[in-house]
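Spelled out from the first residue to the last, the chains are:
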Amino acid sequence: MDKILERLSHYAVTEADKPLRTLTTLRIGGNAKYVVYPETYVAIDGIFRVIEEYQLAFKVIGKGSDLLCSDDEFEGVVICLDRFFNHQYFDGNDLIAEAGCSIIALSTAAMKHGLSGLEFASGIPGTVGGCLFMNAGAYNICMKDVVKEVLVYKEHQLIWLPVSQCDFSYRHSIFQSNPTWLILGVRYGLTPKPQEEIEEIMDSRRKRRVDSQPLNFPSCGSVFKNPEGHNAWQLIDGIGYRGKQLGGAMVSDKHCNFILNVHKATALEYLTLIEEIQREVKNKYDIELKMEVEKFNWK
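Now for a quick tour of the structure. (Residues numbered from 1 in each chain as written. Predicted model: local features only at pLDDT ≥ 70, side-chain atom pairs only at ≥ 80, totals over all residues. Heavy atoms only, no water.)

With that settled, consider the packing of helix 3 (residues 103-112) against helix 5 (residues 195-212). The geometry of helix 3 relative to helix 5 is characterised by a closest axis approach of 8 Å and an angle of 150° between their N-to-C directions. Between helix 3 and helix 5, the angle is such that the two are roughly antiparallel. Across the interface between the two elements, Ser107, Thr108, Met111 and Lys112 from helix 3 touch Gln195, Ile198, Glu199 and Met202 from helix 5. Split into classes, the residues belonging to the contact of helix 3 with helix 5 amount to three nonpolar, three polar and two charged. (Axes fitted to C-alpha atoms, helices over the stretch in contact; angles between N-to-C directions. Helix = DSSP H or I, 4+ residues; strand = E, 2+ residues; numbered from the N terminus. Parallel < 35°, antiparallel > 145°, perpendicular 65-115°, else oblique. Contact = heavy atoms within 4.5 Å. Nonpolar A, V, L, I, M, F, W, Y, C, P; charged D, E, K, R; others polar.)

Looking now at helix 3. A turn of α-helix holds 3.6 residues, and therefore any two residues three or four places apart point the same way. Among the residues making up helix 3, those that are buried are Ile103, Leu106, Ser107, Ala109, Ala110 and Met111. Packed against the buried residues of helix 3 are strand 6 (88-91), strand 7 (94-98), strand 8 (115-116), helix 4 (128-133), strand 13 (182-189) and helix 5. Two or three places before Ile104, at the start of helix 3, stands the capping residue Ser102, its side-chain oxygen 3.3 Å from that residue's backbone nitrogen. Of the residues flanking the end of helix 3, it is Gly114, one or two places downstream, whose phi is positive at about 70°. (Buried < 20%, exposed > 50% of the residue type's maximum accessible area, 1.4 Å probe, protein only. Polar contact = N/O pair within 3.5 Å; in protein donor to acceptor, adjacent residues only side chain to side chain.)

With antiparallel pairing, three strands are arranged side by side in an open sheet as 15-16-17. Strands at the two margins of the open sheet, each flanked by one partner only, are strand 15 (245-246) and strand 17 (259-261). Both strand 15 and strand 16 (residues 249-251) contribute to a ladder of two bridges, which runs antiparallel. When the sheet's bridge partners are listed, Leu246 is paired in strand 16 with Ala249. Packed onto the sheet, helix 7 (residues 267-285) meets strand 15, strand 16 and strand 17 and runs at close to 30° relative to strand 16. (Pairing = 2+ DSSP bridges.)

Positive phi is not limited to glycine here, since His156 has a value of about 65°. With respect to the helices and strands, the residue His156 is situated in the loop between strand 11 (147-154) and strand 12 (157-162). Phi angles above zero are rare outside glycine, and Lys264 is one such case at about 50°. Mapped onto the fold, Lys264 is located in the loop between strand 17 and helix 7.

By themselves these figures say nothing about function.
What follows is the structure, encoded as structure tokens:
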């Protein structure tokens, strides 16, 4: 038996040669050498000790909803949190949640407790950890507006990091520049509000999402950040790329900032289409479109 696989298996359910396309909403990606599903903080610490001992690369994911993985094999360890790290606790107006919690399920739970603040996230198909990592947002609200503190594992210690130290800005957080830090939980500060009012807002936004976003093919949500003063989808529409297809990757004809995997797209097809759009937008508008989706395991 593979020695690393054996060691990792001491701490968590472990799979070898797992296709990353099965772990991402885009359904693209080569195999990961090891995928682990830890259940406890002690298990996570043990996994990191194995990673350090063998000097392995690693990646932490939840639902993989904002990842563009290459088709190459990833020789390291993928730590998947959404299977077991999905507990939540209400303490007065605070909501404490583990990083693997679905943010959609969490916003629904908050609504049922008559707590407002997470309505904006009720349509984001990701986990708490991913949303914090990229400071996800919608309707001009984002994670930093409701976060009090974030539970971080770093250097074999658990630390609560106050929101003031998270360096949150538009689709950015301190965690992006500190890839060895692991987000494990969060404390949200919410506001009491009648449940019916919260539910009405969430229902309205759910309908708007269904009406405006393509949900019939795999995607990673919005591909590009909105440049200041512009909407990315309008720029893409302006270069005539609505419905543009390259291999199995296609710009949605419903929402131009979504690129869909319509037929077994390769990572290279998807990335090539992204780069074409960036080039054409730059040529026509002199605006640089920056990716919101994260590239992973590209040489």
